[in-house]
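Structural overview
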Amino acid sequence: MQVQKHARISNIRKLSRYFFFLTLLAMAIVAAAGAALIIKIVMAQSGDTTVSAYFAQAAVVGNIIVPLLMDGLSAELKVLGILGTILFFGMIEMLLMHIKQLLTCFYEGEIFNRKAVFHAKRAFNINFAFVASVFLVKLFSTVVSYFYPWQGATAHFGPLFAHTFDQIIWLCACLLLLWSLEIGVDLNEEAELTI
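Summary of the structure given here. (Residues numbered from 1 in each chain as written. Predicted model: local features only at pLDDT ≥ 70, side-chain atom pairs only at ≥ 80, totals over all residues. Heavy atoms only, no water.)

**Comments concerning the overall build of the protein**
Rule in force here: Secondary structure elements follow DSSP: runs of H or I of four or more residues count as helices, runs of E of two or more count as strands, with numbering from the N terminus. Relative accessibility decides the category of a residue: with a 1.4 Å probe and only protein chains considered, values under 20% of the type maximum give buried, values over 50% give exposed, and everything between is partly exposed. When checking whether two residues touch, look at their non-hydrogen atoms; a contact exists if any pair is within 4.5 Å. All accessibility values rest on the Shrake-Rupley procedure with a 1.4 Å probe; residue burial counts only the protein chains present in the view.
Counting its secondary structure elements, the protein contains six helices and one strand. Starting at the N terminus and ending at the C terminus, the protein contains elements arranged as α-β-α-α-α-α-α. Counting over 195 residues, the protein shows a buried share of 34%. Expressed as a percentage of contacts within the protein between residues at least 6 apart in sequence, the contacts between residues at least 24 apart total 80%. In the structure as shown, the protein presents an accessible area of about 11,900 Å², 71% of it carried by carbon and sulfur atoms.

**Notes on the nonpolar core**
Going by this rule: Buried Ala, Val, Leu, Ile, Met, Phe, Trp, Tyr and Cys residues that are joined via side-chain atoms within 4.5 Å together make up what is termed a nonpolar core.
One finds Val30, Tyr54, Leu73, Ile92 and Leu96 to be the most contacted residues of the largest nonpolar core, which totals 17 residues. Among the secondary structure elements, those contributing two or more residues to this core are α1 (9-43), α2 (51-61), α4 (75-107) and α5 (114-147). It is α4 that contributes the most residues to this core, five residues altogether.

**Notes on the packing of α2 against α5**
Heads up, the rule is: Axis definition: a line fitted to C-alpha atoms, over the contacting stretch in the case of helices. Angles run 0 to 180 degrees between N-to-C directions. Orientation labels follow simple angle bins: below 35 degrees gives roughly parallel, above 145 gives roughly antiparallel, 65 to 115 gives roughly perpendicular, and whatever is left gives oblique. Basically, the charged four are Asp, Glu, Lys and Arg, the nonpolar ten are Ala, Val, Leu, Ile, Met, Phe, Trp, Tyr, Cys and Pro, and anything else, Gly included, counts as polar.
Orientation of α2 relative to α5, taken along the N-to-C sense of each, is 100°, at an axis distance of 7 Å. When the interaxial angle is binned, α2 and α5 end up roughly perpendicular. Across the interface between the two elements, Ser52, Phe55, Ala56, Ala59 and Val60 from α2 touch Val137, Phe140, Ser141, Thr142, Val144 and Ser145 from α5. When grouped by side-chain class, the residues that make up the contact of α2 with α5 number seven nonpolar, four polar and no charged.

**Here we look at the packing of aromatic side chains**
Cut-off, in case you're wondering: Only Phe, Tyr and Trp rings are paired, with Trp represented by its six-membered ring, and only when their centres lie within 6.5 Å; those with planes under 30 degrees apart are stacked, over 60 edge-to-face, the remainder tilted.
Per the counting criterion, the structure on display carries six aromatic pairs. Residues Phe20 and Phe21 carry aromatic rings whose centres are separated by 5.7 Å and whose planes lie at 80° to one another, so their mutual orientation is edge-to-face. Residue Phe20 is classed as partly exposed on the basis of its relative accessible area of 22%. With a centroid separation of 5.2 Å and 45° between ring planes, the pair formed by Phe88 and Phe130 is classed as tilted. Highlighted residues: Phe88 in helix α4 and Phe130 in helix α5, separated in sequence by 42 residues. The class of Phe88 is partly exposed, set by a relative accessible area of 34%. Aromatic ring contacts, followed pair by pair, group Phe88, Phe89 and Phe130 into a single cluster.

**A word on the pattern of salt bridges**
Filter applied, for reference: Here, a salt bridge means any side-chain nitrogen of Lys or Arg that lies within 4 Å of a carboxyl oxygen of Asp or Glu.
Tallied over the full model, the rule gives three salt bridges. For Asp186, the salt bridge goes to Arg114, with nearest N and O atoms at 3.4 Å. Note that Asp186 is positioned in helix α6 (residues 157-194) and Arg114 in helix α5, a separation of 72 residues in sequence. A relative accessible area of 48% places Arg114 in the partly exposed class. Ionic contacts of the salt-bridge type, sharing partners, join the residues Arg114, Asp186 and Glu189 into one network.

Pasting the structure below:
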């Protein structure tokens, strides 16, 4: 039996249509949130909070955005905040775009083809880069908090490594799904050659 003609394809097509619309909604929400945060940063009052003091405060508070909006920001910090926001939300939009394309392949009934594998690989690579970037920023913030303690407090490495462990499990699950999709493509191509 050809892998592409399996009976569950119709169920995958139905579900992928619903997920497609949810992905479009998520893309709109992410775009609106990114634009709102950029406006908040631009409109924030000017101050003398330096980049290192901000990262130390963000690590201690445990939130990288809230301290940014509470205090006055230096010009460098505003520029860094805008660039970081564009990069952060841009990566999420690119990830959602590839997921949307993958769901389009699924909706069309083309589960095991090279186009679907291409979008799945791109989504995985963007997700991996995103997780690595967030880890590096949090690690940097935690280390900086030891040099610039905020209100006498420093961040701890435990929550950072717990969150990283969580993300590694998620990435491994995504990698297994990607490999399964690639194996399905190979099996589908072999089935087409034998017919």
